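Summary of structural features
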Amino acid sequence: MNKTGVQRLGISGQYPLVQNVTVTEGGTANLTCRVEYNDNTSLQWSNPAQQTLFFGDKKALRDNRIELVRASWSELTISISDVTLSDEGMYTCSLFTMPVRTAKAYLTVLGVPEKPEIDGLTKPAMEGDHITLTCITQGSKPAADLRWFRNEKEVKGAKEVNASGKTFTVRSSLQLHVDRNDDGVAYTCRVDHVALTQTPQQATEVLEVHYAPRVEIIHSLAVPQEGQYLKLECVSKGNPSPDPVMWTKDGGELPDLDRMIVEGRELTFTSLNKTDNGTYRCEASNHLGTSSAEYVLYVYDAPTTLPPSTTPPLHPIPPDPTALLGTHASDRRVTGNRDPNALGQHGTDHALIGGVVAVVVFVTLCLIIVLGRYLARHKGTYLTNEAKGADDAPDADTAIINAEGNHAHAEEKKEYFI
């Protein structure tokens, strides 16, 4: 290679090469400047204020955060530790040739957002309240993103961004119409930002909602019968918890506390009998209101078992009303104000009596119709033997004689046949 070629190579290779750097606030930034060819010319790094940091391997600026990493004829690398937002800017690497050649690298410093805070939550909240939850985070650069979650399911909030110097303050609001389903729900505000490479910053608040109780009664038997064990459970939901609950029968106190045992929310009948029939009411209350539920109890007769018969019955056996009732009542669990035992034995007796009356009326009508047709068919004038010949007699005496004559002839005929 001739001398001219060497000079051109030297000229083309004597250009400093740098790269832009991004670092999180508080981290360490490494600035590197390289050349492909250097004829023992010095390299220099200077800051955005054009202050020399290092000239070759010699430190020029008294800043303990700035240190030399590597210095050679082809490279000058320095480090800046504990970087702040004020360190951000354009840094210059200079190669002192004739003329001086330079390259510029931009140092970007990311502002780490602070842990968010949730405001606007009142404890406890009341059912029906309208509240606004506000999440705020400061110090982010660029502006952070805020996201809301309701028990890990994302919900939409209203975002607002304000600049504060080189950083940003981000605020997000969430409107809530509180009901009992919000009681115990966790609302989380999460910060997403490029500087948060590991775990996002977040804050969580658990909502406590006070609401009036709601009551229902659950019973253990579908068709209660005499002698059986029955348990009624009063299920009440409210906040604060409506303990204890109150049981009454037909608007008054429970009459037989030996067989009717109240334990917490449960009312237990050890052995049912007919005197237990009535309406049982469970009532629960807290400072927000009162709720109640009713159960109408009808105790059926205990089923009787007859010994098996070897001869067929003369009359068909009517169906068991208890079995018919079970098909209607077995599906009922929670009772309201209706009688759960509406299809009882009395209803079956009435139906049987009505059927008998209908059969008697039908048979009577049939007899009347048959008798009327018979009388209509045999209606007319009937003459006796004594009246034969009387129609042709000129007077009453002759008619009598003719009648007697006929009678005599009739007697003669009888004697003749005999």
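What counts, and where the lines are drawn
- Note on numbering: residues in each chain are counted from 1, in written sequence order.
- For this predicted model, a pLDDT threshold of at least 70 governs which residues receive local features, and a threshold of 80 or more governs which side-chain atom pairs are given and counted, while totals over whole chains, interfaces and linings are taken from all residues.
- Hydrogens are left out, water is left out, and the side-chain values use all remaining heavy atoms of the structure.
- UniProt positions are given in the numbering used here, feature names are shortened, and annotations may be inferred rather than shown by experiment.
- Every helix listed is a DSSP run of H or I at least four residues long, and every strand listed is a run of E at least two residues long, numbered separately from the N terminus.
- Each residue is assigned to one of three classes by its accessible area relative to the maximum for its type, calculated with a 1.4 Å probe on protein chains only: buried under 20%, partly exposed between the two thresholds, exposed over 50%.
- By definition, residues are in contact when any of their heavy atoms lie within 4.5 Å.
- Using a 1.4 Å probe, accessible areas were evaluated by the Shrake-Rupley method; residue-level cover was limited to the displayed protein chains.
- Every residue carries a pLDDT, the predictor's confidence in it, which falls somewhere between 0 and 100.
- We treat two strands as partners when DSSP finds at least two bridges between them.
- Two cysteine sulfurs form a disulfide in these notes if their separation is within 2.5 Å.
- Take the buried Ala, Val, Leu, Ile, Met, Phe, Trp, Tyr and Cys residues and link them wherever side-chain atoms come within 4.5 Å; each set so joined is a nonpolar core.
- Comment: axis = line fitted to C-alpha atoms, over the contacting stretch for helices; angle = value between 0 and 180 degrees taken between N-to-C directions.

Looking at an unreviewed UniProt entry, the protein chain carries the name Cell adhesion molecule 2a, with the source organism given as Lates calcarifer. UniProt lists a comment for the protein chain under the heading Sequence similarities (unreviewed entry), and it reads "Belongs to the nectin family." The heading Subcellular location (unreviewed entry) in the UniProt record of the protein chain holds the text "Membrane".

Points about the overall build of the protein chain
Secondary structure assignment for the protein chain yields four helices and 25 strands. Of all 418 residues assigned to the protein chain, the portion counted as buried reaches 33%. Within the protein chain, contacts between residues at least 6 apart in sequence are counted, and of these 62% link residues at least 24 apart. Carbon and sulfur atoms make up 54% of the accessible area of the protein chain, which totals about 26,500 Å².

Comments concerning the confidence of the model for the protein chain
Per-residue pLDDT for the protein chain has a mean of 80; in total, 76% of the residues score no lower than 70. Taken together, the stretch residues 309-347 has pLDDT below 50 and engages in 48 contacts with residues farther than four places along the chain or on a different chain. The low-confidence segment residues 403-418, where pLDDT is below 50, has three contacts with residues more than four positions distant or belonging to other chains.

Topic: the pairing of strand S20 (residues 230-239)
Most of S20 is tucked away: seven of the 10 residues are buried. In terms of strand pairing, S20 meets strand S23 (residues 266-269) through four bridges, oriented antiparallel. Following the sheet pairing, Lys-231 is matched in S23 by Thr-268.

Describing the state of the cysteines
One covalent bond between the sulfur atoms of two cysteine residues makes up a disulfide. The full count for this structure, using the stated rule, is three disulfides. Covalent S-S linkage joins Cys-135 and Cys-189, the inter-sulfur distance amounting to 1.9 Å. Linking Cys-135 and Cys-189, the disulfide has an S-S dihedral of approximately -85 degrees and is accordingly described as left-handed. Residue Cys-135 is found in strand S12 (residues 130-140), and its partner Cys-189 is found in strand S17 (residues 186-192); the two are separated by 54 residues along the sequence. With a relative accessible area of 0%, Cys-135 lands in the buried category. The cystine pairing of the protein chain, numbering bonded cysteines in sequence order, is 1-2, 3-4, 5-6.

Points about the pairing of strand S22 (residues 260-263)
Taken together, the four bridges between S22 and S23 define a ladder with antiparallel strand orientation. Bridge assignment links Met-260 to a residue of S23, and that residue is Phe-269. The hairpin formed by S22 and S23 contains two residues between the paired strands, and Gly-264 there has a positive phi angle of roughly 65 degrees.

What about the nonpolar core?
Ranked by size, the top nonpolar core spans 22 residues in total, and within it Leu-31, Leu-43, Trp-45, Ile-78, Tyr-91 and Leu-107 carry the most contacts. At the level of secondary structure, the elements contributing two or more residues to this core comprise strand S1 (21-24), strand S2 (29-34), strand S3 (43-46), strand S4 (52-55), strand S7 (75-80), strand S8 (89-95) and strand S9 (101-110). Apart from residues no more than four positions distant in its own chain, Leu-107 is found in contact with Val-21, Val-23, Ala-29, Asp-87, Glu-88, Gly-89 and Tyr-91. Formed by 21 residues, the second largest nonpolar core is a distinct cluster that contains Ala-125, Ala-144, Leu-146 and Tyr-187.

Remarks on the sheet that holds S7
With respect to topology, three strands assemble into an open sheet ordered S2-S7-S6, the strand pairing being antiparallel. Two strands bound the open sheet, and with one partner strand each, they are S2 and strand S6 (66-71). The average undirected angle you get between the axes of adjacent strands in this sheet is 20 degrees. Pairing of S2 with S7 involves six bridges; the strand directions are antiparallel. Across the sheet, the residue bridging to Thr-32 is Thr-77, located in S7.

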